[in-house]
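Next come the chains, spelled out residue by residue.
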Amino acid sequence: GDARRSAYTQTNLALLASMRGQYADAEPLLVECATLARTLDDAALLAVNLGNLAIVVHARGDGDTAARLFEEVLTLARGVGDSALTSQALISRGRAECRDGNLESAEASLVESLTIAGDLNHPDAATQALEGFAELAVAKHAPKRAATILGTAGRLREETGLALSVHEEREHKRMAAATRA
């Protein structure tokens with residue numbers, strides 16, 4: 001009852017801080033939420049919190065810890081049979097791998113995430129996977145391909161009403177600038 005409600009409320013606060021790019025505020029909340037999720041034996045909630053913690057940890061430059069967290073998230077998501085959560089974790093991992101220069105593994109993660117999103121008919125996940133592919137194209141020095149993919153993802157965002165977080169907005173601006181370079 002109350003402990004579960006508190007865990008979900010704190011998770012939402014952590015997600016809000018993370019989406020605003022307030023990683024220093026989000027990280028301790030995400031750690032606390034993960035601890036609560038473990039206590040509640042809620043694997044899906046634990047996966048959500050660890051996935052977002054992986055993004056935050058990666059943003060502050062700890063790629064090794066982020067990689068371990070992403071693996072744990074994927075194990076949890078697959079364990080509870082949550083394909084949407086699996087797809088999201090693969091997108092986040094793929095984008096982190098791309099930023100770390102692991103382009104082959106990034107591509108594999110993004111292909112798997114887009115396949116799952118397509119199977120689920122999940123336009124939000126498909127949009128985010130496409131944005132990951134645009135980032136991959138930028139990393140592969142293919143600005144025209146990146147611009148085409150980013151344009152397609154942008155149209156999907158408009159059609160579905162999927163808003164950009166502060167972090168995503170920064171990434172979009174960075175990728176758009178790279179497509180014009």
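Above this text is the structure in question.
Quick caveat, the model's predicted, so the values are computed rather than measured. (Residues numbered from 1 in each chain as written. Predicted model: local features only at pLDDT ≥ 70, side-chain atom pairs only at ≥ 80, totals over all residues. Heavy atoms only, no water.)

(A) Broad picture of the nonpolar core. Counting 29 residues, the largest nonpolar core has Leu30, Leu46, Leu50, Leu53 and Leu69 as the members making the most contacts within it. Among the elements of the structure, helix H1 (2-19), helix H2 (23-40), helix H3 (43-59), helix H4 (63-79) and helix H5 (83-99) are those that each provide at least two residues to this core. A per-element tally of this core places H3 first, with 8 residues. Beyond its immediate sequence surroundings of up to four residues, Leu46 is in contact with Ala34, Ala37, Arg38 and Leu76. Grouped together as the second largest cluster of nonpolar side chains are 16 residues, Leu130, Ala146, Ile149 and Leu150 included. (Core = buried A, V, L, I, M, F, W, Y, C linked by side-chain atoms within 4.5 Å. Buried < 20%, exposed > 50% of the residue type's maximum accessible area, 1.4 Å probe, protein only. Helix = DSSP H or I, 4+ residues; strand = E, 2+ residues; numbered from the N terminus. Contact = heavy atoms within 4.5 Å.)

(B) Region of the structure containing the layout of surface pockets. Here the largest pocket defines a volume of roughly 840 Å³. Along its surface, the largest pocket is lined by 33 residues, and Asn52, Ile55, Gln88, Ser92 and Gln128 are the ones closest to its centre. Counted by class, the lining of the largest pocket contains 17 nonpolar, 10 polar and 6 charged residues. (1 Å grid on protein atoms, 1.4 Å probe; cavity = no way out; pocket = protein on both sides within 12 Å on 5 of 7 lines; lining within 4 Å. Points joined across faces, edges and corners; volume = space filled by probe spheres on them. Nonpolar A, V, L, I, M, F, W, Y, C, P; charged D, E, K, R; others polar.)

(C) Region of the structure containing the packing of H1 against H3. Contact pair H1 / H3: the axes reach a minimum separation of 11 Å and the direction vectors enclose 20 degrees. Taken together, the axes of H1 and H3 lie roughly parallel to each other. The handedness of the crossing between H1 and H3 comes out as left-handed. In this structure, H1 uses Ala7, Tyr8, Thr11, Leu15 and Ser18 to contact H3, whose residues at the interface are Leu45, Val48, Asn49, Asn52 and Val56. Taken together, the residues of the contact of H1 with H3 sort by class into 6 nonpolar, 4 polar and no charged. (Axes fitted to C-alpha atoms, helices over the stretch in contact; angles between N-to-C directions. Parallel < 35°, antiparallel > 145°, perpendicular 65-115°, else oblique. Left-handed = near helix turned anticlockwise from the far one by under 90°.)

(D) Examining the pattern of salt bridges more closely. Using the criterion set out here, one finds 16 salt bridges in the structure. Residue Arg60 is joined to Asp62 by a salt bridge in which the shortest nitrogen-to-oxygen separation is 4.0 Å. Taking the relative accessible area as the measure of exposure, Asp62 reaches 23% and is therefore partly exposed. Ionic pairing is found between Glu97 and Arg93, a salt bridge with its closest N-O pair at 3.5 Å. You can see Glu97 and its partner Arg93 sitting in helix H5, 4 residues apart, about one turn around the helix. Comparing Glu97 with Arg93 shows no difference in burial state: the two are buried. Salt bridges here are not isolated pairs; linked through shared partners, they connect Arg95, Arg99, Glu135, Glu171 and Arg174. (Salt bridge = Lys/Arg side-chain N within 4 Å of Asp/Glu carboxyl O.)

Structural measurements only, silent on function.
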